[in-house]
Structures are given as structure tokens and as C-alpha cells.
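So the chains spell out like this:
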Amino acid sequence: MRTDVVIVGAGHAGLAMSRRLGERSIDHVVLERGEVANSWKTERWDSLRLLTPTWQSRLPGFADASGEDPHGFRTMPETIAFLERYAWAISAPVHQHTAVNSVRRTEEGYAVQTSRGAWRSRAVVLASGACNIANVPRQLAAALPAAVASFTPHQYRNPSQLEQGGVLVVGASATGVQLAEEIQRSGRQVTLAVAEHIRMPRRYRGRDIQWWMDAAGILDLRHDEVDDLGRVREVPSLQLTGNDQGRMLDLNALTASGVRLAGRLAGLRDGKALFSGALANQVALSDLKMNRLLDAIDGWVSEKGLEGEVPPPERFEPTRIEASPPLALDLVRGGIRTVLWATGFRPDYSWLEVPALDRKGRLRHDGGVVDAPGLYVMGLPFLRRRKSALIDGAGEDARELSAHLATHLDQRAGIDLLMRSTMSGGTKFTSSVLSASTSST
Amino acid sequence: MTAVAEKQVQNGVNVEALLGAREALSKAPEAARFNWKATSKWVGGTHTRTHMKSFFGLGGDQSHKSEFSFDTDHPEIFASEDKGATPVEMVLTGLAGCLTAGVAAVAQMRKIQLRSVKATLEGSMDIQGILGIDSDVRNGFDGVTVKFEIDADATKQEIEALVAQSQKRSAVYDILTNPTNVTVSVS
Ligand SMILES: Cc1cc2nc3c(=O)[nH]c(=O)nc-3n(C[C@H](O)[C@H](O)[C@H](O)COP(=O)(O)OP(=O)(O)OC[C@H]3O[C@@H](n4cnc5c(N)ncnc54)[C@H](O)[C@@H]3O)c2cc1C
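Residues numbered from 1 in each chain as written. Chains lettered and ligands numbered in written order. Predicted model: local features only at pLDDT ≥ 70, side-chain atom pairs only at ≥ 80, totals over all residues. Heavy atoms only, no water.

*Asks:* Sorry if this is basic, but what is going on with the site of the ligand here?
*Replies:* Residue and element names in this part refer to chain A. In the vicinity of the ligand, 29 residues are found, and the nearest of them are Glu 32, Ser 39, Leu 51, Thr 52 and Ile 391. At 3.4 Å, a side-chain N or O of Trp 40 approaches an oxygen atom of the ligand. In isolation the ligand has 970 Å² of accessible area, and contact with the protein removes 93% of it. Elements with a minimum of two residues in the shell around the ligand: α1 (12–23) and α2 (38–42). For the shell around the ligand, the element with the most residues is α2, which contributes three residues. Here the shell around the ligand is composed, by residue class, of 17 nonpolar, nine polar and three charged. (Near = heavy atom within 4 Å. Polar contact = N/O pair within 3.5 Å; in protein donor to acceptor, adjacent residues only side chain to side chain. Areas by Shrake-Rupley, 256 points an atom, 1.4 Å probe, with all protein chains shown as cover. Helix = DSSP H or I, 4+ residues; strand = E, 2+ residues; numbered from the N terminus. Nonpolar A, V, L, I, M, F, W, Y, C, P; charged D, E, K, R; others polar.)

What follows is the structure, given as C-alpha cells:
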């Protein structure tokens, strides 16, 4: 089978790209190993709500909120239904239950092997997600005592899966703080190992924090405007939750609910978890970062002369920690039955047979234009702008990348044409050449 | 975020060289492997002298401009001769040197002029551990505090951020706060 562009993955990113290619009449298919919104259907825990408000899921060519509260936070079933409506509304050419098993380069583009036949295309867009694999620190996990169960966020659905007893949650970004709270509430004592994290109020000066970051242009910061792109691409998710509207889920809230805080999990020795003694600095850094963001928001408010329209600035009590947080915890004797690794996610490119990965297995790309002609990627953290990994960021990224892709197809078409005419001694316009070069004007 | 106008700041740290090294090493990560070396010799009693001259880094053997040596001993209340600082004080020396260098480098990077940087360090320890009186008491520090007094062209918040960032990038701070495998052998 042949097409101009294969999009791998029917999450919001693949769908947004499909819509953008459709606008340019570029022939394409969206190959999806499961169903539309597969990640939301199969890889998320039960209580999860989006941490971005409903208004902040703007996808290109779609403004259907179907009677939902724009300031609410969608549940998983609501998120899935939303993406299904989107796929339907834009008539995305999705081939469901079609897993891509390999992508290879060919003379004229790419060969894509799937569980349902082979495709040849001139370009490929990787929209297969940034969170396919839960990052588990392998050496640490391997050293866990046999009596302690190990869960990733992909395996976790709700607290009833866990044995009664203590739980060590490793990681205190969005996933870690949400799961620590839910598990603590279920009556299991949670110890939370805290490494780098970013504290953030849910609401500030009468508005949702996402509203401020959107309005003040903070989410629009572009990849070519930051000094240290490698660094910002590794920044952890904000400590936010869409549950219990408006509540701040920071370490102070967790401490108040009974969660015990420890430093970064630094080692496991003789059945003992060893924690870093740097917790005080971790929370200080996080408070400083939060305050810098709030300063930026306040600066924007004064610059725009909006002081009269919103409540005055507020600052939050510094993060409280014990005078001497625990440095070691004997897991078995300390009653820990489960370790939950909320240590982040990474993409899976095991099927990508194109030499475009760096030594740490990350895709080499410049704002989504991969270091291989005709190969593109969507949905990675800070791909083109700060909001690139959010649902709300896909529209603009897809617009810019589809423009680049269209130019690439045109140039290829020109080269192919030249080759053909020199080889055959005459000019033959094939239909695919014509459709590609006319569609981008 | 405060906009910092282009200004001349001189803390005596060559930030361009540091940034250049960072750039070069991210392209050639093998060269980033360093081995720091010290050789020591027992002088007598609890007195030891340790020398540092050569080390390995950037893919080859390197050397200090001259050899440094430090004496460690214990004070008279330990029935020693007090010919040098205690080894645990040398740990505080390392921490002070590392954090302060970090403060200077980060200040230079952030265009903050420093006027003075003083730190007071304390490591607290219950010597029942080393004396083997109570096996529940650990040998080493049970807590370390560092108090900085910094005079600089910056707000209190900017100074706090300097100190926080220097901890984040400090080797000795990391060595003290995280477990490290230590292998001791006899030849
Ligand atoms: C726990 C969690 C909470 C999040 N909450 C929010 C939030 O509140 N708001 C927000 O804006 N963002 C949120 N995100 C970030 C982001 O929006 C989601 O990760 C989103 O699912 C990413 O969309 P995507 O289209 O890039 O990838 P995905 O939704 O993961 O879609 C990729 C698709 O590709 C398919 N696929 C993968 N490999 C193959 C293959 N080899 N062959 C065929 N198909 C394949 C998958 O089945 C999947 O359907 C969250 C992420 C996580 C992990």
C-alpha cells in the first residue's frame, strides 16, 4: 500500500497532524496499534483527571465542548470521548489495531511494516507518544527484596490492587503526588521519595494557573528562544491535579494528609532504601522556582495594567519538612509492601530502524524535524514550545511541521521529476507529483 | 523574572571557559571521566600527611601546578598531638570550598557581582559511635549545617537561588548527601 505520509499513533498529536495534512490535501493514513486515544484507554489510572482545564484542549478545526464546563477537568472517559469525537469530526483516516513493527528508509521515503500489511510512504510522522515506557531505575528495582511488590503508573489503576501496608512512592511530580495522596487516603502509609519537582498552586490571583501561563505567553516560549534546550526538555511535570477543583497538591498538603517525605531514593542496600540528604535543597529550589513564576505573572499583570481586575498577589508558605528527614528505611521491617515508581516516562522507538537516536536513545530532532529526511515527530516535551507535550500544544506544532513536511514533499517531487525526465528523456507528470505540488500552494 | 541589563561583573570565574568545556564535553562524554588521586603516609600517632599532585581527566594524565599536602591529626583532648585538622574537618573544608566555588560560578553566570562570601560550617557527631560505645550511633556526622553570609549586588531571593543552585551542582554536597560505594583493599 502506498501513501504520501504515514502518521504513527492516533492520540491527539497524530490526529492534529492528520487534520493539518488534510487541510493541505496531503494523502496520509494514521496507523494505530489499538484504538483512538489508546494511551488514555489503557495506560492511565482510574481516578485521573486532566490537569489542564477543559478549555485548554484546543485542537485544530474543532471547538466542540459538548456542554462541558470549560473550567472543569476531564475524567478519563470524558477525555477518551473527546478524542473519539475529534477523530470523527475531522474524518481522520485512522487504521485501528494496526501496530507499526518497523520503519525503514527507502530510496523514495520510508517502508512501514505493520501487523496488517506493509506501507510505503514519502514521509513519516512519529506521533506514537512520549510516555510509552515508565522509567524505572533498573538497578534500584532489581535490588528490591522479594517480598516487596513493584508497580509502574502504567500498571497501577487504584489502591485496591495494592496489599495492605506501607507504600513507597518514588518521585514527586504530577503522577507521584497524585498517587501518593490517593494511596495515603486508602489507609496505606505512604513514604514519598522526593527528587527534583516543581511546586505550583492550582489557582492564583483568582484564576487557574494554566490560564495565567497561557495568557502571559509562558506556554508559548519557543524551542529556539531558550538557552539550554536539553535542560528544559528534562524539566519534570508541575505538581498539579485536576481532582478536587482548585486545591493545591503540594508537599505541605501531602504532609498534612499523613504522607512522610524523604529525599531522592539514592540506593537500596541490604533491603534498606537509602534516601538523599538533600531534601531541604530540593524543596528550597522548588519554592524559588514557583516564586519566580508567580513574579513573572505579577509582572505581566502590572505590565498589562490589570491590577484592578484581579485579586492582589499572594505568596505561599514555604515547604515544610522534618528537621531530619529519614535517610534510610528498612523496607520489610518498616512494613513497606509496595514500591510505586513515579519516576517519569520515555518514548519507545524500538521499532524505528532509522539511525536518528542519540547515545541516550533520544530522537535527534530540531523542533520536531528529525535528523532523517522526511521524518517528523510530535508530542515530545518542549518539542517546539513549552506546551508541545500538552493537548493544547499540538495544533500549532502540527501547523508548522506540516508546512515543513509539505515543502519536503514538493522538493522530493521536484527531484523525482528531474530524475524521471532525465532517465526517460521526456517529462512525465505522475499523479502523485501533481497532487503533492499543487496541494501546498 | 528580573531583566538584567548587560553589566560588567567580575568574580574571577572564567564562565566562557566553563561553558566551552560543557559544550565540548557533551559532544565527547568519554573525556568527562575524571579520577582524583591522593596518596597518604602515616607520620606517627594519629598524624597523617596526604599529598595531591596528579589526576586523570580529559582523556589523559593531568597535574596540579605544584604538589599540595595536608596534615591531619586529632586535638589534644583525644590524647593526640594536634599536628593538623581532623579528617572530619577536612570534609567540611571540601564542602565549603565546593559550595563557595559554586556560588561564585553561578553568580558570574547570572551576572551578580559578589563582594564577600563567608560560610560557617558545622558537622555534628556523637563520638559514642567511633568509640564503639553504642552501636546504634553512627560514626559519621548526623547532620551538617552551612550558614552563608553573602554580600552581593542582588536581592535576597537571588542570593538564595545562588546558594540553592550551587548545592544542586556541587560534587562534595552530593558525596555527603548520597551513598557512595567505597572499596578499600590492601596490596
Ligand atoms: C499520566 C499522564 C497525564 C497527563 N495529563 C495531561 C493533561 O492533563 N493535559 C495534557 O494536555 N496532557 C497531559 N498529558 C500529556 C499528554 O497530553 C499525553 O501524554 C498524551 O497522551 C500524549 O498524546 P500523544 O498523541 O502525543 O500520544 P499518545 O496519546 O500516547 O498517543 C500515541 C498513540 O500511538 C500509538 N502507538 C504507539 N506506538 C505505536 C506503534 N508502534 N504502532 C502503532 N501505534 C502506536 C499508541 O497506542 C497511542 O494511541 C498526560 C500524560 C500522562 C502520562
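*Asks:* Whenever I open this one, the packing of aromatic side chains confuses me. Can you help?
*Replies:* The relative placement of two aromatic rings is captured by the distance of their centres and the angle of their planes. Residues and elements named next belong to chain A. Throughout the structure, instances matching the rule amount to eight aromatic pairs over all chains. On the basis of an interplanar angle of 80° and a centroid distance of 5.0 Å, the ring pair of Trp 211 and Trp 212 is categorised as edge-to-face. By relative accessible area, which is 1% here, Trp 212 ends up buried. Counting every residue linked through ring pairs, the aromatic cluster contains Tyr 204, Trp 211, Trp 212 and Trp 300. Looking at Arg 44, its charged tip hangs above the ring of Trp 40, at a distance of 4.2 Å from the centre. The ring of Trp 211 is capped by Arg 207, whose NZ or CZ atom sits 4.3 Å from the centre of that ring. (Phe/Tyr/Trp six-rings, centres within 6.5 Å; stacked < 30°, edge-to-face > 60°. Buried < 20%, exposed > 50% of the residue type's maximum accessible area, 1.4 Å probe, protein only. Lys NZ or Arg CZ within 6 Å of the ring centre and 35° of its normal.)

*Asks:* Can you walk me through the domain arrangement of chain A in this structure?
*Replies:* Accessible area lost on assembly of the parts is the figure often given for the size of an interface. All names here are of chain A. Taken domain by domain, chain A holds domain 1 (5–132 + 347–419) and domain 2 (135–345). Taking only C-alpha atoms, the centre of domain 1 and the centre of domain 2 are 28 Å apart. Counting residues at the interface gives 36 residues for domain 1, matched by 32 residues for domain 2. Between domain 1 and domain 2, a total of about 2800 Å² is buried, with carbon and sulfur atoms accounting for 49% of that surface. The largest per-residue losses of area from domain 1 upon contact with domain 2 belong to Trp 45, Leu 51 and Phe 382, which jointly make up 26% of the total buried on that side. Where domain 1 packs against domain 2, one counts four salt bridges. With a shortest N-O distance of 3.3 Å, Arg 222 and Glu 400 are connected by a salt bridge. Counting across the domain 1 and domain 2 interface gives 20 residue pairs in polar contact (both at pLDDT 80 or more). Grouping the amino acids of the side of domain 1 that touches domain 2 by side-chain chemistry returns 13 nonpolar, nine polar and 14 charged. (Domains from an automatic or database assignment. Contact = heavy atoms within 4.5 Å. Buried area = accessible area lost by both parts, 1.4 Å probe. Salt bridge = Lys/Arg side-chain N within 4 Å of Asp/Glu carboxyl O.)

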